[in-house]
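Letter by letter, the chains look like this.
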Amino acid sequence: MSDAMPPEWRTLKVSVRGAAHERVGLPNQDAVRVSRLGDGRAWLMALADGHGSAKSFRSQHGARLAVVVARKVCGHLFKLDNPSQIKRWAEEQLPLELVRNWRERVERSLQRQPFTPAELDALDTAGRRQVDAHPSLAYGSTLLGVVVASGFILYLQLGDGDILTVSAEGAIDRPLLRDTRLIANETTSLCSDKAWNEVRVRFQTLAGAPPALILAATDGYANAYRDEAGFQQVARDYWALLRDEGEEAVRPHLKDWLNEASQQGSGDDITLGLLWRPIAQI
């Protein structure tokens, strides 16, 4: 691959515990990680949402493992020689490697810290049977990822959550369309049977200008709004503030904005990652 640096992207990330979780004493079960890849030639933004159900009683740990694994696996992209190899590996091997590495880390976690009687006694009979048969269910988590490099952007998604892009003119796009099977609290997951078949990947060669802003969020954010239009407007608003007033108009307020969205909307944990290009780069 070329050693050329990508346009200078900036990043912001924040994660807040949901209002409903605060009321009942549950932890924030989301995780987020923003990292440089390829000797600084690219950015990775990874977000994960632990399921938080009774059966997924270690899902906050599963989410943290997911974003660590995303960094390790996506780093392999930059050991390949050209965009066609990267695209092929991303589409054919990356889903398998994500799931395999996550499950290996779950197994190591269980070896170090087996399930306690208190954890298992909290389950009903059916839940206990499911966790006994599939221990990774206790760590269940979704995963969102975005890799931006000089010649491509890679989007990946397993389970619910949202990735939006905003053009310099404010046009919104979803690089990965919504999975219509995911309704209510049902989602595909790293702990799903043959989860690698559920990982959606889009490799986008940058023939023209990249997006001005990429927003990734766990599903608690979109669920805080009445409709898709309201959520899309949030992405436009972030871009307008960053473009016109700069990072200081956004960064100090992010936690308050997300807490307000959770309190007045979904009640869920909310995790947000932003990648954007300053106006001088556009």
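Refer to the structure presented above.
Because the structure is predicted, anything quoted here is derived from the model rather than measured.

A. Highlighting the pattern of salt bridges. Inspection of the entire model under this criterion finds eleven salt bridges. Two residues, R174 and E228, come together in a salt bridge whose shortest N-O distance is 2.9 Å. Placement of R174 in the loop between β7 (172-173) and β8 (200-205) and of E228 in helix α8 (residues 228-244) is noted, with a sequence separation of 54 residues between them. Residue R174 is classed as buried on the basis of its relative accessible area, which comes to 12%. Under the relative-accessibility criterion, E228 is labelled partly exposed at 25%. Close ionic contact of R251 with E247 constitutes a salt bridge, the shortest N to O distance being 3.5 Å.

B. Spatial organisation of the state of the cysteines. A full pass over the atoms with the stated rule returns zero disulfides. No disulfide involves C74; its nearest neighbouring cysteine sulfur is the one of C191, lying 20 Å away.

C. Region of the structure containing helix α4 (residues 94-112). The terminal C-alpha atoms of α4 lie 27 Å apart, and with 19 residues this matches the ideal 27 Å at 1.5 Å per residue to within 8%. When we look at burial in α4, the residues that qualify are L94, P95, L98, V99, N101, W102, V106, S109 and L110. On the buried face of α4, the contacting elements are α2 (59-75), α3 (83-92), β4 (143-148), β5 (152-158) and β8.

D. Region of interest: the packing of aromatic side chains. Under the counting rule described, the total for this entry stands at seven aromatic pairs. Ring centres of Y221 and F231 lie 5.7 Å apart, and the angle between their planes is 75°; on these two criteria the pair is classed as edge-to-face. Placement of the pair is Y221 in helix α7 (residues 219-222) and F231 in helix α8, with a sequence separation of ten residues. Accessibility expressed as a relative area gives 1% for F231, which makes it buried. Seen from their ring centres, Y225 and F231 are 6.3 Å apart, and the 45° between their planes marks the pair as tilted. Looking at Y225, the relative accessible area reads 30%, which means it is partly exposed.

E. Spatial organisation of α8. Between its terminal C-alpha atoms α8 stretches 24 Å, which fits the 24 Å expected from 17 residues at 1.5 Å a residue. The set of residues buried in α8 consists of F231, Q232, V234, A235, Y238, W239 and L242. Down the axis of α8, the buried set is contained in an arc of 145°. They therefore lie on one face. Away from its buried face by more than 90 degrees, α8 exposes A229 and D244. One or two steps after α8, the chain reaches G246, where phi turns positive at roughly 90°.

F. Fine view of the nonpolar core. Core analysis: the biggest nonpolar cluster contains 46 residues, and L77, L94, W102 and V147 have the highest contact counts within it. Those elements that provide at least two residues to this core are β2 (30-37), β3 (42-49), α2, α3, α4, β4 and β5. Take this core: its biggest share by element is eight residues, from α2. By size, the runner-up hydrophobic cluster in this structure holds 27 residues, among which are L12, F231, V234 and Y238.

Calculation notes
- Residues numbered from 1 in each chain as written.
- Predicted model: local features only at pLDDT ≥ 70, side-chain atom pairs only at ≥ 80, totals over all residues.
- Heavy atoms only, no water.
- Salt bridge = Lys/Arg side-chain N within 4 Å of Asp/Glu carboxyl O.
- Helix = DSSP H or I, 4+ residues; strand = E, 2+ residues; numbered from the N terminus.
- Buried < 20%, exposed > 50% of the residue type's maximum accessible area, 1.4 Å probe, protein only.
- Disulfide = S-S within 2.5 Å.
- Expected span 1.5 Å × (residues − 1).
- Contact = heavy atoms within 4.5 Å.
- Phe/Tyr/Trp six-rings, centres within 6.5 Å; stacked < 30°, edge-to-face > 60°.
- Arc of directions from axis to C-beta.
- Core = buried A, V, L, I, M, F, W, Y, C linked by side-chain atoms within 4.5 Å.

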